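Remarks on the overall topology
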Amino acid sequence: MNNTTTQQWWKETFVYQIYPRSFKDSNHDGIGDLKGITQSLDYLKKLGVEVIWLSPIFKSPNDDNGYDISDYQEIMDEFGTMADFDEMLAEMKKREIKLILDLVVNHSSDEHHWFQEAKKSKDNPYRDYYIWREGKDGQAPNNWVSMFGGSAWEYNPATEDYYLHLFTCKQPDLNWQNPALRKEIYQMMRFWLDKGVDGFRMDVIPFISKQEGLPDIQYTGQLLFDIVNQYANGPQVHEFLQEMHREVLAAYEVMSVGEGIGVYAKDAYEYVGEDRKELNLIYYFDHMFLDRDAKTDKPISLELPRLKQVIRDWDEALKGKGWNTFYLNNHDQPRSVSRFGEDTQYRYASATMLATLLFTLKATPFMYQGEELGMTNTTFTDIEDLNDVWMRNLWAKWQQEGKNNPKDFLAFANITSRDHARTPFQWDDSPQAGFTDSEKPWLLVNTNYPKINAQEAQADKNSIWHYYQKIISLRKGNHTLIYGDYTDLDPQHPQVFVYVRETKEEKITVILNFSPQEVIYELPAQITHLGEIFISNYPDSQGEAAHTVLKPYEAKVYCAAQS
Ligand code: GLC
Ligand code: CA
């Protein structure tokens, strides 16, 4: 079957993710909110944004910043009211901006009324909304661990047994085997779709079906992979997603995108094959694991050929069958310019080189707030300044293991913490970067805001912001960049990434220097004619040449008619 040529709006656009807590505060409490987003829509429109994904905005005690929902049909107190939501949605529609909500249904909050009921007694009608097991010799039912550390089981005194939580103990896992629960979720999805939202990003969706009998994990020493591989892709996940499609999604022209934790290229087709009727898109983690040692979790440097391999594998897996996504940043990852680029001397060059990659692959690009400014990682100097529940639990674990040196922990956090992505959006050079007029933003503002901010970036014609605006507009409506075939021309080169995107009529060649060094690069023999410069990140990029000198982090894109 060859149907990737089906044209869909969600293939032709890109997604801009907002982490509402950190975007814009409208009422002086130091926490971003819905009104703040509404006030910022013109800024986003100017950049070229057509689709916004909002991290969760629903009622939540915020153990995991909204990824623990206590009422799926109410707005989080700090973020505003349902009237604010309706106004925001109406203002988006006015500007032809689509809205994707975060669907967090692997687990709820323990403060959700379902769980409040379920934990009361074994015969409570909501008991089967969650996953309960008897302990083993006074211990947890099996050796599963939470993604955020510690056992994945919590004892409940009233029923004298344990409930499962793959994340914190305030995030009990929902029991998808219960049809009544599934019905409630579908109902809730329809509530939002009927309001006019354009789809869902589905949180840890590969985890919703658990392995039969909940067998112990066989630890091999690669902790994260051991856990994730046990929890992802359970036996009924596709049955559930097909049912969700039938019951809900099929009736709407919307976008569904799964967070593909534990999903590898070999599994991709089953989730997003166009004839499978499950999800439209899924985003993978393979490239996020390339700069971490799987055994020690220590940061290691990225080997470019491994990144190319990931991209080739996914392209291959879905060619003619489904559609890919690509991202370098989101609310769970450190900032891409600090991680894959260089955030001091070559901040402009490396951020724009990464933008070029993001917007020229055969995949729907997902970008994250502040990426267009080249926002960088911050430097945490006090563990108390970290908010991320994963980091806080990890520090507790280090201390239990006798690793008590805060300096060592901060060194690790300053590379890996999710908080890097969550520092407030840098609007201008006024106090707190214009994010809030409270003196206390919920998370510290990065001190580089006087230099790196949206006002400055928009005023400077040669900024990262303007490069994003340009490449966004170049991709829009460009058939070759959207639908053209992808071929990696030099899989093994350690510094240079070269690929073509082509249709019968046109060929676009992308040349990226992934290194801070100048590289003298012999063009692969397949390239006989580069054509015109389409976009580049140095002002004096040269035209055709058999070999080319690439400046640090240089990106050059050429376009030629097919001969
Ligand atoms: C996803 C979210 C992350 C959250 C976790 C639990 O990975 O992106 O932020 O902590 O799921 O919901
Ligand atoms: Ca606020």
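Residues numbered from 1 in each chain as written. Chains lettered and ligands numbered in written order. Predicted model: local features only at pLDDT ≥ 70, side-chain atom pairs only at ≥ 80, totals over all residues. Heavy atoms only, no water.

**Focus: the pattern of salt bridges**
Heads up, the condition is: In the sections that follow, a salt bridge refers to a side-chain nitrogen of Lys or Arg positioned within 4 Å of a carboxyl oxygen of Asp or Glu. Whether a residue is buried, partly exposed or exposed follows from its accessible area with a 1.4 Å probe, protein chains only, as a fraction of its type maximum: under 20%, in between, or over 50%, in that order. Secondary structure elements are defined from DSSP: runs of H or I of at least 4 residues count as helices, runs of E of at least 2 residues count as strands, and each element is numbered from the N terminus.
Under the definition given, this model contains 35 salt bridges. The closest approach of N and O atoms between Glu117 and Lys120, which form a salt bridge, is 2.8 Å. Classification of Glu117 as partly exposed rests on a relative accessible area of 25%. For the salt bridge of Glu259 with Arg201, the shortest nitrogen-to-oxygen distance reads 3.4 Å. Here Glu259, found in strand E10 (residues 255–259), pairs with Arg201, found in strand E9 (residues 199–202); they are 58 residues apart in sequence, far enough to count as distant. With relative accessibility at 5%, the residue Glu259 sits in the buried group. Given the relative accessible area of 0%, Arg201 is considered buried. Overlapping salt bridges bring together Asp64, Asp332, Asp388, Arg418 and Arg422 as one network.

**Some thoughts on the site of ligand 1**
Heads up, the condition is: Only a single heavy atom is needed: when it lies within 4 Å of a molecule or strand, its residue is near that molecule or strand. A 3.5 Å cut-off defines polar contacts: any pair of N or O atoms within that distance qualifies, except that in protein one atom must be a possible hydrogen donor and the other a possible acceptor, and neighbouring residues in sequence count only when both atoms are side-chain atoms. Areas reported here follow the Shrake-Rupley algorithm with a probe of radius 1.4 Å; residue values treat only the protein chains shown as occluding. Under the grouping applied here, Gly and all other residues not named as nonpolar or charged are polar, the nonpolar ones being Ala, Val, Leu, Ile, Met, Phe, Trp, Tyr, Cys and Pro and the charged ones Asp, Glu, Lys and Arg.
Around ligand 1, a shell composed of 14 residues is seen, among which Asp64, Asp203, Glu259, His331 and Asp332 lie nearest. A distance of 2.7 Å separates an oxygen atom of ligand 1 from a polar side-chain atom of Asp203. Residue Glu259 places a side-chain N or O atom 2.8 Å away from an oxygen atom belonging to ligand 1. Protein contact buries 96% of the 310 Å² of open area that ligand 1 shows by itself. In terms of residue class, the shell around ligand 1 is made up of four nonpolar, three polar and seven charged.

**Some details on helix H4 (residues 82–94)**
Inclusion rule: In this analysis, the expected span of each helix is defined as 1.5 Å times one less than the number of residues it contains. Working rule for contacts: check all heavy atoms of both residues, and any pair within 4.5 Å makes them a contact.
Given a rise of 1.5 Å per residue, 13 residues ought to cover 18 Å, and the 18 Å separating the end C-alpha atoms of H4 matches this to within 8%. Among the residues of H4, those classed as buried are Met82, Asp84, Phe85, Met88, Leu89, Glu91 and Met92. Each element contacted by the buried residues of H4 is listed here: helix H2 (34–39), helix H3 (41–47), strand E2 (51–54), strand E4 (71–75), strand E5 (98–103) and helix H6 (179–195). Its side-chain oxygen 3.3 Å from the backbone nitrogen of Ala83, Thr81 forms the N-cap of H4. Of the residues flanking the end of H4, it is Glu96, one or two places downstream, whose phi is positive at about 55 degrees.

**Describing the packing of H6 against helix H8 (residues 237–247)**
Note the following rule: Each axis is a line fitted through C-alpha atoms, and for a helix only the stretch in contact is used; angles between axes span 0 to 180 degrees, taken between their N-to-C directions. These descriptions rest on fixed angle ranges, namely under 35 degrees for roughly parallel, over 145 for roughly antiparallel, 65 to 115 for roughly perpendicular, and the rest for oblique. Here a crossing is called left-handed whenever its near helix is offset anticlockwise from the far helix by less than a right angle, and right-handed whenever the offset is clockwise.
In contact at an axis separation of 10 Å, H6 and H8 are set at 45 degrees when each is read in the N-to-C sense. Here H8 runs oblique to H6, going by the angle between their axes. Two packed elements cross with a definite hand, and for H6 against H8 that hand is right-handed. On H8, the residues touching Arg182, Tyr186, Met189 and Arg190 of H6 are Phe240, Glu243, Met244 and Glu247. Its residues assigned to classes, the contact of H6 with H8 shows four nonpolar, no polar and four charged.

**Considerations on unusual backbone geometry**
Backbone geometry places Leu214, a non-glycine residue, at a positive phi of 45 degrees. Mapped onto the elements of the fold, Leu214 is located in the loop between E9 and helix H7 (223–231). You can call Leu214 buried: its relative accessible area is 8%. Here the phi dihedral of Lys277 falls at roughly 55 degrees; this positive angle occurs in a residue that is not glycine.

**A look at the side chain of Lys210**
With respect to the helices and strands, the residue Lys210 is situated in the loop between E9 and H7. You can call Lys210 buried: its relative accessible area is 14%. Reaching out from Lys210, the side chain makes a polar contact with the side chain of Asn106 at a distance of 2.9 Å. Those residues in contact with Lys210, other than ones at most four positions away along the chain, are Asn106, Ile131, Leu164, Leu166, Asp173 and Pro235.

**Thoughts on the nonpolar core**
Soluble globular proteins tend to pack their nonpolar side chains together in the buried interior. Stated formally: Put simply, a nonpolar core is a bunch of buried Ala, Val, Leu, Ile, Met, Phe, Trp, Tyr and Cys residues held in one set by side-chain atoms that sit within 4.5 Å of each other.
Counting 164 residues, the largest nonpolar core has Tyr16, Phe85, Leu101, Trp176, Met189 and Trp192 as the members making the most contacts within it. Of the residues forming this core, the biggest block, eight residues, is contributed by helix H12 (residues 347–360). The contacts of Trp176, once residues within four sequence positions are left out, are Val105, Leu181, Arg182, Ile185, Tyr186, Ile208, Phe240 and Met244. Counting residues in hydrophobic clusters, the runner-up holds twelve residues, among them Val500, Leu523, Ile527 and Leu530.

**Overview of the domain arrangement of the chain**
To keep it simple, the criterion reads: Where each domain begins and ends follows an automated or database-derived domain assignment.
Each domain of the chain was delimited in the assignment, giving domain 1 (15–108 + 179–379 + 452–471), domain 2 (113–164) and domain 3 (486–561). Summarising the inter-unit geometry, the C-alpha centres of domain 2 and domain 3 are found 55 Å apart.

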